[in-house]
Amino acid sequence: MPETRSQYQDELDQLEASALGGLDLVSAALGRTLEAVEHQDVELAQLVVADDDRIDGRYLEVHQALITLLATQSPVATDLRLISAMLHVLKNVERMGDQCVNVCKLIPLSGNEPPSDQTMVELILRMGAQTKALIGQAKRAFADRDVELAQNLVREDDVVDDLNRECFRLALEIGDDADRREWAMTMLLAARAIERTADNAVDIGEQVAFVVTGLFREFEDASHPNP
Amino acid sequence: MSSESALLRRSEGLRRRNRVNRVVEISSTIAALFAVAVLLIVVGSVLTKGVDALSIHFLTTPTALFGEEGGGISNAIVGTAIVVASAAAMAIPVGLLVAIYTTEFAPSRIAHPVRFVLDVLNGVPTIVTAIFVAGLIVIPQGHQSGFALSVALAIVMLPIVSRTAQEVLALVPSTLKEAAHALGIARWRTTVRVTIPTAAGGLITGALLAIARVAGETAPVIILCSIFGQGNLTDPSQGLATIPFFIFRSSEAPSPSAHTEAWAAALVLIALVLGLNLVARAFYTRSRRRMEG
Amino acid sequence: MSLITKRTQQPSPAVFAASPRPQLLRREVGNVALEGLDAYYGASRVLQGVSLGFVSGRATAIIGPSGCGKSTLVRCINRMHEEVPGARAAGKVTLDGVDLYDPRIDIVAVRRSIGMVFQKPNPFPTMSVIDNVTAGLRLAGADRGEIEDRGREALVGAGLWDEVKDRLSSPGTGLSGGQQQRLCIARALAVEPEVLLMDEPCSALDPVATLRIEELIGELKERVTIVIVTHNMQQAARVADTTVFMLDGQLVEVGPTEKLFTNPDDERTEQYVTGKFG
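Residues numbered from 1 in each chain as written. Chains lettered and ligands numbered in written order. Predicted model: local features only at pLDDT ≥ 70, side-chain atom pairs only at ≥ 80, totals over all residues.

Examining the overall build of chain C
Move 1: Across its full length, chain C carries 10 helices and 10 strands.
Move 2: A total of 278 residues make up chain C; the buried ones form 48% of that total. (Helix = DSSP H or I, 4+ residues; strand = E, 2+ residues; numbered from the N terminus. Buried ≥ 20, exposed ≤ 12 C-beta atoms within 10 Å, placed from the backbone.)

Looking at the overall build of chain B
Move 1: Regarding its fold elements, chain B presents 12 helices and zero strands.
Move 2: Mapped in sequence order, the helices and strands of chain B form the string α-α-α-α-α-α-α-α-α-α-α-α.
Move 3: Whereas a compact globule of 293 residues would reach a radius of gyration of roughly 19 Å, chain B reaches 25 Å, over 25% beyond that.
Move 4: Considered along the principal axes of its C-alpha atoms, chain B spans approximately 90 × 60 × 35 Å.
Move 5: Expressed as a percentage of the 293 residues in chain B, the buried residues total 38%. (Rg over C-alpha atoms; globule rule 2.2 N^0.38 Å.)

Some details on the interface of chain A and chain C
Move 1: Every contact between the two is made by 12 residues of chain A and, on the other side, 12 residues of chain C.
Move 2: For the side of chain A that touches chain C, the class distribution of residues is five nonpolar, four polar and three charged. (Contact = placed C-beta atoms within 7 Å. Nonpolar A, V, L, I, M, F, W, Y, C, P; charged D, E, K, R; others polar.)

Details of the environment of Ile131(B)
Move 1: Within the fold, Ile131(B) resides in helix α6 (residues 126-141).
Move 2: Separated by 93 residues in sequence, Ile131(B) and Leu224(B) have C-alpha atoms that sit 8.3 Å apart.

Section: the confidence of the model for chain C
Move 1: This prediction gives chain C a mean pLDDT of 87; 90% of its residues lie at or above 70.
Move 2: As scored by the predictor, the complex reaches a pTM of 0.79 and an ipTM of 0.84. (pLDDT = per-residue confidence, 0-100.)

What to know about helix α4 (residues 144-157) of chain C
Residues and elements named next belong to chain C.
Move 1: With 14 residues, α4 extends 20 Å from end C-alpha to end C-alpha; this agrees with the ideal 20 Å at 1.5 Å per step.
Move 2: Of all the residues in α4, the buried ones are Arg150, Gly151, Ala154, Leu155 and Gly157. The buried residues of α4 occupy one face: seen down the axis, they fall within an arc of 155°. Exposed residues on α4 whose side chains face more than 90 degrees from its buried face are Gly145 and Asp149.
Move 3: Of the surrounding secondary structure, the elements contacted by the buried residues of α4 are α3 (129-138), α5 (161-164) and α6 (177-190).
Move 4: Trailing α4 by a residue or two, Gly159 shows a phi angle of about 70°, which is positive. (Expected span 1.5 Å × (residues − 1). Arc of directions from axis to C-beta.)

Some remarks on helix α4 (residues 118-144) of chain A
Residue and element names in this part refer to chain A.
Move 1: The end-to-end C-alpha separation of α4 is 39 Å, in line with the 39 Å expected for 27 residues at 1.5 Å each.
Move 2: Among the residues of α4, those classed as buried are Met120, Ile124, Met127, Gly128, Thr131, Lys132, Leu134, Ile135, Ala138, Lys139, Ala141 and Phe142.
Move 3: Just downstream of α4, Arg145 is the residue with a positive phi angle, here 55°.

With respect to the arrangement of the chains
Move 1: The interface with the most contacts, out of two pairs of chains in contact, is the one formed by chains B and C.
Move 2: If you take every C-alpha in chain A and every C-alpha in chain B, the smallest gap between them is 31 Å, and the two do not touch.

Points about the nonpolar core
Move 1: If you look at the biggest cluster of nonpolar residues, it comprises 146 residues, and the most contacted ones within it are Ala186(C) and Ile228(C).
Move 2: If you tally residues by element for this core, the top one is helix α3 (residues 77-111) of chain A, at 16 residues.
Move 3: With near-sequence residues (within four places) excluded, Ala186(C) lies in contact with Val133(C), Ala154(C), Leu155(C), Gly157(C), Ala158(C) and Leu160(C).
Move 4: Membership of the second largest hydrophobic core comes to 66 residues, among which are Ile77(B), Val161(B), Phe228(B) and Trp263(B). (Core = buried A, V, L, I, M, F, W, Y, C linked by C-beta atoms within 7 Å.)

Digging into the sheet that holds strand β2 (residues 44-54) of chain C
All names here are of chain C.
Move 1: Spatial strand order, β2-β1-β4-β5: four strands in an open sheet with antiparallel pairing. Where the open sheet ends on each side, the last strands, each with one partner, are β2 and β5 (98-99).
Move 2: Where strand β4 (residues 87-95) and β5 come together, two bridges link them in antiparallel fashion. Residue Thr94 lies in a different strand from β5, and its bridge partner there is Asp99. (Pairing = 2+ DSSP bridges.)

Description of the interface of chain C and chain B
Accessible area lost upon the coming together of the parts is a frequently used measure of interface size.
Move 1: Between chain C and chain B, the contact holds 23 residues from the first and 18 residues from the second.
Move 2: When residues of the side of chain C that touches chain B are assigned to their parent elements, the largest contribution, four residues, is made by helix α2 (residues 107-113) of chain C.
Move 3: Looking at side-chain class alone, the side of chain C that touches chain B contains 12 nonpolar, six polar and five charged residues.

Points about the pairing of strand β9 (residues 242-247) of chain C
Residues and elements named next belong to chain C.
Move 1: Counting buried residues in β9 gives six out of six residues, a clear majority hidden from the surface.
Move 2: Relative to β9, strand β3 (residues 59-63) runs parallel, the two sharing four bridges. The partner of Ile62 across the bridge, within β9, is Val244.
Move 3: Bridge count between β9 and strand β10 (residues 250-256): six bridges; the pairing is antiparallel. Residue pairing across strands places Leu247 opposite Gln250, the latter belonging to β10.
Move 4: Between the end of β9 and the start of β10, which pair antiparallel, lie two residues, with Asp248 showing a positive phi angle near 50°.

Concerning the environment of Leu168(C)
All names here are of chain C.
Move 1: On the secondary structure map, Leu168 appears in the loop between α5 and α6.
Move 2: Taking the number of C-beta atoms within 10 Å as the measure of exposure, Leu168 has 17 and is therefore partly exposed.
Move 3: Separated by 134 residues in sequence, Leu168 and Leu34 place their C-alpha atoms 39 Å apart.
Move 4: Filtering out sequence-adjacent residues up to four positions away, Leu168 remains in contact with Ser128, Val129 and Ile130.

Details of unusual backbone geometry
Residues and elements named next belong to chain A.
Move 1: Even without being glycine, Gln40 reaches a positive phi, approximately 50°.
Move 2: Take Gln40: there are 17 C-beta atoms within 10 Å of it, and that puts it in the partly exposed class.
Move 3: Even without being a glycine, Ser74 presents a positive backbone phi close to 45°.
Move 4: You can see Ser74 is positioned in the loop between α2 (42-73) and α3.

Spelled out as structure tokens, the structure:
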């Protein structure tokens, strides 16, 4: 069969690379965020916040291109599902970037005194590392159209969820000191942001299943716990 | 830079080509003018030489008896009209039916030979047809007649009518016939109510052209219908006066006034033929517009 | 003797009596079924073992690359395929259970139950608008009094009435392309067929005329089973409830239109609808 619509196919491939490249941007941002949290580095945090513009820019650019493709090329079947999935992925990417910003914005609030509970900090760093791994896995699953790898994201996400619950428990037991309690609440917010980031990665996994099978099913997540 | 030189290179043969163009243009214009000139000369000479004898009296008085002067061609006109009308009545229906058969119903292995036969018939010299009819009708009957002439003219008309009709019927777009069939209209009904009306203009053209062609045929007249009584105006079972015969006989007569009368009769004949051709043209144009619309 | 002359409310395989004009039937008629249909032009086989159903009340689109046999397929349904010298069909084609290729069936009656609209509008040039619409009725010997009424209804049904009501006697060929095609649709509808076959009806029309006819199809499909052959996949997607994909004379996939265009089962269908070939 002759190669028709090769320009269109190339463009689609390029946009997919761009969208997935957004995940790389997010992963880097998350890494920097965790470093800022660990060292209470306000300047680094501000850098992350400013840099989120790049992620937003990526979102807008690829989003626009996808809309144009829809209008001009009338994609159907797999192409259509792919474009729909990419629109979702872009949104996830953008949200993940915003979550990193949320964490970074918290740092000055908790930064001026040494952290009250090292354990909690470590938990958060572990959550962050796991989430970073999740993002990488989601990207591979999408690029390879690997449904099993995508479904496995749920189990990896469970780890993050467990760590989050740990944090919550620790925060409850932090004691009566007002400053410590304030610090703990702030840390909880950070943990929550990271947990949301991980959930976004799982959503990307769901899109993988949609592209491959044409079916959309929510993997187990916070609103759909394991039966 | 390079496109300019390419253009210049390609313009090289220009002057030679221009000269050839002009030569071809001029010679084809001359040829066209020549053809038109011939027609104008013929019509012109008939007009100038015959107009003197042309008058209402000429058109409404029967031919003078032998030896007398001052006759006209009224009986010849009537005779020609009757003979040609009878020939048309015989040839046109048959010709149309043959055409319909070959275009609509016959498989091509029958249609092709039929068309070939008609083309051959078209090429048979009219004098041969006349002799054939003489052997068929005149000799057994023992006398010439308008009817025999009609038969001969009908045979001459048949291939003309039929071939023109075939061409026109074949031009009717098959999509029309498809549409009719898809509506559940039977084949013969489609032919009668859709195909023929659509081709009507062209069919009429074919008929009129055939009539115009045979109105002036002289060889059959001489062999089959040259002996007629003065008293017989309309009875085709006997000889009838005809315009071609009048021209023939008048041109052989010694007196110059008879010659002038021959020219006048020729003028009448040409006028009839020209008239029929113009009418045929009008019908054809209308029919073409219909089928393209 | 024809076994199908005109429809009654309840079709029976035996004699159908000429019926008074049926009102809007609840659609238990107009179901076409093909079983193992083969079609030949001379010795060359152009359709192979096609088995397919067209359900009443729906529009079905047939898509596929050039030469895949889609036009041949629809022409086998109303037996127009046989008009071509040397062409023949084998297999079963039934309309509401009656085998249309049964030698006892009158081919003319088949064509009155299954109408057809062609690619290029083809109104009869020697007839006026109203005569065109009623041609099928007049030339099939319908009752005089009814003819005008049915003609008018058909024009209304084809969405053409308002545009031509003041010039019913003007020549049919004087209308615009889109109007002429709707005239042909009205002409086909006037004989009240159960099924309407449309062979690329919009390919000779401009986009606005095309969209009008697509809308019309949406309205008509409740009264007539519609089968539309089209080159234009977006048109199939807009117009049809069911879509059939054909390739090289064979049926590849048939299913609900949304499915064929979002998640087809067969790889070849996927390749075709996404434009990888064809």
